[in-house]
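Chains, contacts and geometry: an overview
Here are the chains, one letter per residue:
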Amino acid sequence: QVQLVESGGGLVQAGGSLRLSCAASGRTFSRYAMAWFRQAPGKEREAVAGMSGSGGYTYYAGSVKGRFTIASDNAKNTVYLQMNSLKADDTAVYYCAAGNWIRVLTTPDYWGQGTQVTVSS
């Protein structure tokens with residue numbers, strides 16, 4: 001089992017930055033691929049960024065590429081999502097997820113509880 005706890009969400013003005021954190025506990029953190037999803041009101045949950053367990057592979061949705069960066073600190077069992085140049089369209093609940101790299105961007109094995117990000121225009 002892996003437990004994931006997100007933090008770092010909040011209210012920010014358009015053009016600003018936020019860094020989300022996801023603290024993992026349980027089974028060996030570094031064995032899992034990690035991903036960040038978001039779900040805006042009335043929309044489906046979508047994967048915005050992912051990283052393989054080795055860190056050698058990353059994924060970014062087209063809407064966030066160049067603005068968001070996923071990174072991990074294995075010593076702290078924590079994965080981060082640095083979000084820059086935020087837009088009103090980035091407003092959503094952001095979820096951390098873990099699983100196998102092949103499936104983590106579609107059907108991860110573990111989910112966090114989510115953290116709200118609100119970008120004011």
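See the structure above.
Residues numbered from 1 in each chain as written. Predicted model: local features only at pLDDT ≥ 70, side-chain atom pairs only at ≥ 80, totals over all residues. Heavy atoms only, no water.

1. Quick notes on the overall build of the protein chain
The test is simple: Secondary structure elements are defined from DSSP: runs of H or I of at least 4 residues count as helices, runs of E of at least 2 residues count as strands, and each element is numbered from the N terminus. The globule rule used here is 2.2 Å times the number of residues to the 0.38 power, and the radius of gyration it is set against is calculated over C-alpha atoms. Exposure categories follow from relative accessible area, calculated using a 1.4 Å probe and restricted to protein chains: below 20% of the type maximum is buried, above 50% is exposed, and the middle band is partly exposed. Computed with a 1.4 Å probe, the accessible areas rest on the Shrake-Rupley method; for each residue, only the protein chains presented here act as cover. For this count, His and the chain ends are skipped, Lys and Arg are scored as positive, and Asp and Glu as negative. All charge positions are set by atom: Lys at NZ, Arg at CZ, Asp at CG, Glu at CD.
In terms of regular secondary structure, the protein chain is built from zero helices and eleven strands. Mapped from its N terminus to its C terminus, the protein chain presents α and β elements in the order β-β-β-β-β-β-β-β-β-β-β. At 13 Å, the protein chain has a C-alpha radius of gyration in line with the 14 Å of a compact globule built from 121 residues. Over its C-alpha atoms, taken along the principal directions, the protein chain stretches across nearly 40 × 25 × 25 Å. Split into buried and exposed, the 121 residues of the protein chain put 44% on the buried side. A total of about 6200 Å² of accessible surface is found on the protein chain, and carbon and sulfur atoms cover 47% of it. Side-chain charges of the protein chain comprise 11 positive and 7 negative groups, with the mean position of each set lying 5 Å from the other.

2. Some words on the pattern of salt bridges
Here is the rule we go by: Any Lys or Arg side-chain nitrogen found within 4 Å of a carboxyl oxygen on Asp or Glu counts as a salt bridge.
Inspection of every chain in the model, using the stated rule, returns four salt bridges. Taken together, the shared-partner salt bridges in this structure form one network comprising Arg-38, Glu-46, Arg-67 and Asp-90.

3. Some words on the sheet that holds strand S3 (residues 18-26)
Note the threshold: For two strands to be treated as a pair, DSSP must find no fewer than two bridges joining them. Angles shown run from 0 to 180 degrees and are taken between the N-to-C directions of axes, each axis being a line fitted to C-alpha atoms and, for helices, limited to the stretch in contact.
One open sheet accounts for four strands, arranged S1-S3-S8-S7; its pairing is antiparallel. The strands lining the two open edges of the sheet, one partner per strand, are strand S1 (2-7) and strand S7 (68-73). Taken over all neighbouring pairs, the strand axes of this sheet differ in orientation by 20° on average, direction set aside. Here S1 pairs with S3 via six bridges, running antiparallel. Residue pairing for S3: Leu-4 is matched across the bridge by Ala-24.

4. Observations regarding the environment of Gly-53
Keep this limit in mind: The contact criterion used is simple: two residues touch if any of their non-hydrogen atoms lie within 4.5 Å.
Relative to the helices and strands, Gly-53 is located in the loop between strand S5 (46-51) and strand S6 (58-60). In the structure, Gly-53 is positioned 16 residues away from Phe-37 in sequence and 17 Å away in space, judged by C-alpha atoms. Among residues more than four places away in sequence, those in contact with Gly-53 are Ser-30, Tyr-32 and Ala-33.

5. Overview of the nonpolar core
Stated formally: Nonpolar core, defined: a set of buried Ala, Val, Leu, Ile, Met, Phe, Trp, Tyr and Cys residues in which side-chain atoms within 4.5 Å join the residues together.
Ranked by internal contacts, the top residues of the largest apolar core, which has 30 residues, are Leu-4, Met-34, Trp-36, Ile-70, Leu-81, Met-83 and Tyr-94. For this core, the secondary structure elements donating two or more residues are S1, S3, strand S4 (33-39), S5, S7, strand S8 (78-83), strand S9 (92-99) and strand S11 (115-120). For Ile-70, the contacting residues outside a window of four places in its chain are Met-34, Ala-35, Trp-36, Ala-49, Gly-50, Met-51, Thr-58, Tyr-60, Val-79, Tyr-80 and Leu-81. Membership of the second largest hydrophobic core comes to seven residues, among which are Ala-33, Phe-37, Ala-97 and Val-104.

6. Concerning unusual backbone geometry
Most peptide bonds are trans, and most residues other than glycine sit at a negative phi. One non-glycine residue, Asn-77, lies in the positive phi region at around 50°. Residue position: Asn-77 is located in the loop between S7 and S8. Here Ser-85, not a glycine, exhibits a phi torsion of approximately 50°, which is positive. Inspection of the secondary structure puts Ser-85 in the loop between S8 and S9.

7. Side note on the state of the cysteines
Each disulfide is one covalent bond, formed between the sulfur atoms of two cysteines. The condition is simple: In plain terms, two cysteine sulfur atoms within 2.5 Å form what is called a disulfide here.
Applying the stated criterion across every chain, the model contains one disulfide. What pairs with Cys-22 in a disulfide is Cys-96, and their sulfur atoms sit 2.1 Å apart. Here the S-S torsion is close to -80°, and the disulfide linking Cys-22 with Cys-96 is therefore left-handed. Here Cys-22 is found in strand S3, whereas its partner Cys-96 is found in strand S9, with 74 residues between them in sequence. For the pair formed by Cys-22 and Cys-96, the shared burial category is buried.

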